[in-house]
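Residues per chain, in single letters:
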Amino acid sequence: MALASSSLYEPLNESSAAALAARLGLFETNSVLQCEEIGDGNLNLVFRITDSKSGHSLILKQALPYAKVIGESWPLTLDRARIESSALVKQAELAPGLVPEVCYSDQTLAVTVMEDLSHLQIARKALIEKKNLPHLAGQIGSFMARTLFYTSDFALKPHAKKQLVLQYMNPDLCKITEDLVFTDPFFDHDSNDFEPELRPAAEALWADSEVKLHAAKLKKKFLTEADALLHGDLHTGSIFVSEEETKVIDPEFAFFGPIGFDPGQFIGNLLLNALSREEEDQDVIFEAIEKTWYTFSATFAASWKQDSRERFSEVDGYLDHTLGQIFEDAIGFAGCEVIRRTIGLAHVEDLDGIEPYEKRIQVKTSALELGRKLIKQRHNLTEPGQLKRFFRHAILR
Ligand SMILES: Nc1ncnc2c1ncn2[C@@H]1O[C@H](COP(=O)(O)OP(=O)(O)O)[C@@H](O)[C@H]1O
Ligand SMILES: CSC[C@H]1O[C@H](OP(=O)(O)O)[C@H](O)[C@@H]1O
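Residues numbered from 1 in each chain as written. Chains lettered and ligands numbered in written order. Predicted model: local features only at pLDDT ≥ 70, side-chain atom pairs only at ≥ 80, totals over all residues. Heavy atoms only, no water.

- As recorded in an unreviewed UniProt entry, the protein chain goes by the name Methylthioribose kinase, listed as coming from Metabacillus mangrovi.
- We quote the UniProt Sequence similarities (unreviewed entry) comment for the protein chain here in full: "Belongs to the methylthioribose kinase family."
- Per its UniProt entry, the protein chain bears the Subunit (unreviewed entry) comment "Homodimer." (UniProt positions renumbered as here; feature names shortened; annotations may be inferred.)

The structure is reproduced here in structure tokens:
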């Protein structure tokens, strides 16, 4: 991967992005380049650049000095582009084939150029369309186990681990999660966004001091537990899929945090999709959650047995305790994700796309119930096979 930091920052447009790609020699000399801005995320510009002669294409992603969805009133560090490109490279090393290949990055321009995955579909859309995704759960379980175990103290020497913790300090993006996932949805905060009919359910949540105490404890974990290099935003909109392939994108929120956070966000987004479905279509989602967890825990355990450098790792019960704690945390983080995607700033199409409106309100009300119960009762859930019953019971009104 080439790395440059010579030019001055300027936001690109379709023509300057194509010109940059040509100047960098990313395409053959005689290419005829076409460029389209395709970004549909909250934060960055994403350009697809295609050589109309050969059909070869690349993705050029550029961070803006602010959050795209809000505008210049929400300044945001360009350093997230460095975090994203280096996390993609690290994840490719640890979980080969499960992230797009990075072919160029420039810290000053806040640019990452990577493999075009347009032959795949964003997992959130595929799940909404009820596509068959036989490998998604296993591949994400394996991705999480490998990236999280091999960046933890179980695998790394202490100095190397702390060096990585420093490299992935990501305060601006962590602050977004601290606010939008762990704080604002639990209070009557300006950033929240929900339908007026949800106000009674939101007010019930804000008045629930038990759930707030649990949310405070989960937030504290996120703030302080530097277990491993997280993806940090592993929702189903950050994953490309087909029936055969899975590729994880968009790790700009990467930092050293609690291991349960990535599984929690992924499971939380699967639960959001389950909420959007009729009961008879939900089983496949609960099966995916089970498969995700069993692949994660089996891969994590195998890595532990083969590569742990921790003296205590052979002590009876330590691996089981570690996995049990990760699962409990994941369930709590999933609950926070379900709540924030229902009444917080950043919504998901799984819920917002539900028609008719009355049904949407009913499902979102259930989502708030589910989120609250996941957070409060996470200690009682010890394995994913319990989730289907828990889910059905939680949303019964
Ligand atoms: N490597 C890629 N190949 C094809 N499309 C991509 C790629 N990366 C991003 N995209 C497209 O751009 C969109 C936004 O990308 P994302 O990385 O999620 O941006 P943001 O950081 O703004 O959320 C994705 O939903 C996808 O449609
Ligand atoms: C104003 S940022 C809101 C939200 O957006 C991020 O997601 P993405 O970059 O995939 O669009 C992240 O989940 C943030 O919490």
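**Quick look at the packing of aromatic side chains**
- Considering all chains together, one arrives at 19 aromatic pairs under this definition.
- Taken together, the aromatic side chains of Phe149, Tyr150, Phe154, Trp293, Phe296, Phe300, Trp304, Tyr318 and Phe327 make up a single cluster linked through ring pairs. (Phe/Tyr/Trp six-rings, centres within 6.5 Å; stacked < 30°, edge-to-face > 60°.)

**Considering the site of ligand 1**
- Taken together, 19 residues surround ligand 1, and among them Asp40, Asn44, Lys61, Leu117 and Glu252 come closest.
- With the chains in place, 92% of the 550 Å² that ligand 1 exposes on its own is no longer accessible.
- Those elements that provide at least two residues to the shell around ligand 1 are β3 (44–51), β4 (57–63) and β8 (111–115).
- Per-domain counts for the shell around ligand 1 show at least three residues from each of domain 1 (2–115) and domain 2 (121–396). (Near = heavy atom within 4 Å. Areas by Shrake-Rupley, 256 points an atom, 1.4 Å probe, with all protein chains shown as cover. Helix = DSSP H or I, 4+ residues; strand = E, 2+ residues; numbered from the N terminus. Domains from an automatic or database assignment.)

**Thoughts on the site of ligand 2**
- Taken together, 16 residues surround ligand 2, and among them Asn42, Asp233, His235, Asp250 and Arg340 come closest.
- Asp233 places a side-chain nitrogen or oxygen 2.8 Å from an oxygen atom of ligand 2.
- A distance of 2.8 Å separates an oxygen atom of ligand 2 from a polar side-chain atom of Arg340.
- Coverage of ligand 2 by the protein amounts to 95% of the 400 Å² it exposes when considered alone.
- When residues of the shell around ligand 2 are traced back to their parent elements, those giving at least two are α6 (171–180) and α11 (318–343).
- There are two domains that each give the shell around ligand 2 at least three residues, and those are domain 1 (2–115) and domain 2 (121–396). (Polar contact = N/O pair within 3.5 Å; in protein donor to acceptor, adjacent residues only side chain to side chain.)

**A closer look at the domain arrangement of the protein chain**
- The domain boundaries assigned to the protein chain delineate domain 1 (2–115) and domain 2 (121–396).
- Across the boundary between the two partners, domain 1 contributes 27 residues, which contact 29 residues of domain 2.
- Each partner contributes to the roughly 2200 Å² buried at the junction of domain 1 and domain 2, and carbon and sulfur atoms together form 64% of this total.
- It is Ile83, Leu94 and Leu98 that lose the most area in domain 1 upon contact with domain 2, and together they represent 28% of the buried surface on that side.
- In this assembly, domain 1 and domain 2 are joined by three salt bridges.
- Our count for the contact surface shared by domain 1 and domain 2 stands at ten residue pairs in polar contact (both at pLDDT 80 or more).
- Among the secondary structure elements, those contributing two or more residues to the side of domain 1 that touches domain 2 are β6 (71–75) and α2 (79–94).
- In terms of residues, the side of domain 1 that touches domain 2 owes the most to one element, α2, which gives eleven residues.
- Residue classes in the side of domain 1 that touches domain 2 are distributed as 13 nonpolar, six polar and eight charged. (Contact = heavy atoms within 4.5 Å. Buried area = accessible area lost by both parts, 1.4 Å probe. Salt bridge = Lys/Arg side-chain N within 4 Å of Asp/Glu carboxyl O. Nonpolar A, V, L, I, M, F, W, Y, C, P; charged D, E, K, R; others polar.)

**Quick word on the UniProt feature "binding site: substrate" (unreviewed entry) in the protein chain**
- Mapped onto the present numbering, the UniProt feature "binding site: substrate" (unreviewed entry) falls on Asp233 and Arg340. Despite a sequence span of 108 residues, these residues sit close together in the fold, their greatest C-alpha distance being 13.1 Å.
- Given a relative accessible area of 9%, Asp233 falls into the buried group.
- Beyond its immediate sequence surroundings of up to four residues, Asp233 is in contact with Ser238, Asp250, Phe253, Gln265, Arg340 and Arg341.
- Tracing the backbone shows Arg340 in helix α11.
- The class for Arg340 is buried, based on a relative accessible area of 7%.
- Beyond its immediate chain neighbours, meaning those up to four positions away, Arg340 contacts Leu180, Val181, Pro185, Asp233, Gln265, Leu345 and Ala346.
- A polar atom in the side chain of Arg340 sits 3.0 Å from the side chain of Glu337. (Buried < 20%, exposed > 50% of the residue type's maximum accessible area, 1.4 Å probe, protein only.)

**So, the UniProt feature "binding site: ATP" (unreviewed entry) in the protein chain**
- UniProt records the feature "binding site: ATP" (unreviewed entry) at Asn44, Lys61, Glu115, Asp116, Leu117, Asp250, Pro251 and Glu252, using the numbering of this structure.
- With respect to the secondary-structure elements, Leu117 resides in the loop between β8 and β9 (121–122).
- Non-local contacts of Leu117, meaning those with residues more than four positions away in its chain, are made with Pro100, Phe240, Lys247 and Ile249.
- With respect to the helices and strands, the residue Asp250 is situated in the loop between β12 (246–248) and β13 (255–257).
- Sequence-distant contacts of Asp250, that is, excluding residues within four places in its chain, are made with Lys61, Glu84, His231, Asp233 and Ser238.
- Polar side-chain contacts of Asp250 include one of 2.7 Å to the side chain of Lys61.

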